[in-house]
Amino acid sequence: GPCKVKVVRVSNLARAKETANLICQHLPDVERADPDPLLNEGRPCHNVPGGKASANTVARTDEDHARIEEAFKKYFHRADPPEADEDKEVAAGKEVPQPQDGDEPVPAGEQKKELQPHPQHEFEIIVCHANVIRYFACRALQIPPEAWLRLCTFNCSLTYFTIRATGSVSCRMLGDIGHLGLSRSTFSMHPGFNW
């Protein structure tokens, strides 16, 4: 079935808002959050290995890092797992039936009712910028964040993360531009792949 898109989020910069406008035309019933300056482009972290950096670059990176790290913590987290029916009954003060004589014994470790899978996964769309996306990718995958500059995300590319209730994270796509074709692929003012 269709994806259950919960919300479209966007940085506060014009190019991201223009892209979000195009996306939202195709998702008229999806909530659009207010632009968030935490998602604005910047230098998210010092990179290792790195060359000589000016004092201005170091200061700007230190300033941007705190903001972009705050954005990561705000948007990347696992959802609270749904409660089992038994937990809800206990929380509501209801008495949970206890096993009676003659009931089939419950194997050890299975006394608690298993959580059922969520009937439909939720998706959030975040429209932001290459440096922010690369930093988020490193942080989400528990790769040293100083490696962010080794990743490449093309303009108008798609990056897709799955965050499970267990806390495990998978990157299903990073900087994918299959929807654009070679003639429309660009990165930092460079067309195509030959740069």
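Residues numbered from 1 in each chain as written. Predicted model: local features only at pLDDT ≥ 70, side-chain atom pairs only at ≥ 80, totals over all residues. Heavy atoms only, no water.

## A few points about the sheet that holds strand β3 (residues 122-127)
Part 1: Strand order in the open sheet formed by 3 strands is β2-β1-β3, with parallel pairing between adjacent strands. Sheet topology places β2 (31-32) and β3 at the edges, where each strand pairs with a single neighbour.
Part 2: Pairing of strand β1 (residues 4-10) with β2 involves 2 bridges; the strand directions are parallel. If you follow V7 over to β2, its bridge partner there is E31.
Part 3: On the sheet, helix α1 (residues 14-25) packs against β1, β2 and β3 and is oriented at approximately 145 degrees with respect to β3. (Pairing = 2+ DSSP bridges. Helix = DSSP H or I, 4+ residues; strand = E, 2+ residues; numbered from the N terminus. Contact = heavy atoms within 4.5 Å. Axes fitted to C-alpha atoms, helices over the stretch in contact; angles between N-to-C directions.)

## Let's talk about the environment of F76
Part 1: Mapped onto the secondary structure, F76 falls in the loop between α2 (55-75) and α3 (85-91).
Part 2: Through-space distance from the C-alpha of F76 to that of I163 is 8.1 Å; in sequence the pair is 87 residues apart.
Part 3: What F76 contacts, discounting residues up to four positions off in sequence, is F136, A140, F161 and I163.

## Side note on the packing of aromatic side chains
Any aromatic ring pair is given by two values, namely how distant the centres are and how the planes are angled relative to each other.
Part 1: Going through the model one piece at a time under the given rule, you end up with 6 aromatic pairs.
Part 2: Ring centres 6.3 Å apart and planes at 70 degrees place the aromatic pair F154 and F187 in the edge-to-face group. Note that F154 is positioned in the loop between α4 (130-140) and β4 (158-163) and F187 in strand β6 (residues 186-187), a separation of 33 residues in sequence.
Part 3: The class of F154 is buried, set by a relative accessible area of 12%.
Part 4: The class for F187 is buried, based on a relative accessible area of 14%.
Part 5: Each member of the aromatic cluster is reached from another via a ring pair, and the members are F72, F76, F136 and F161. (Phe/Tyr/Trp six-rings, centres within 6.5 Å; stacked < 30°, edge-to-face > 60°. Buried < 20%, exposed > 50% of the residue type's maximum accessible area, 1.4 Å probe, protein only.)

In short, the description is geometric, and any link to function would need to be established separately.
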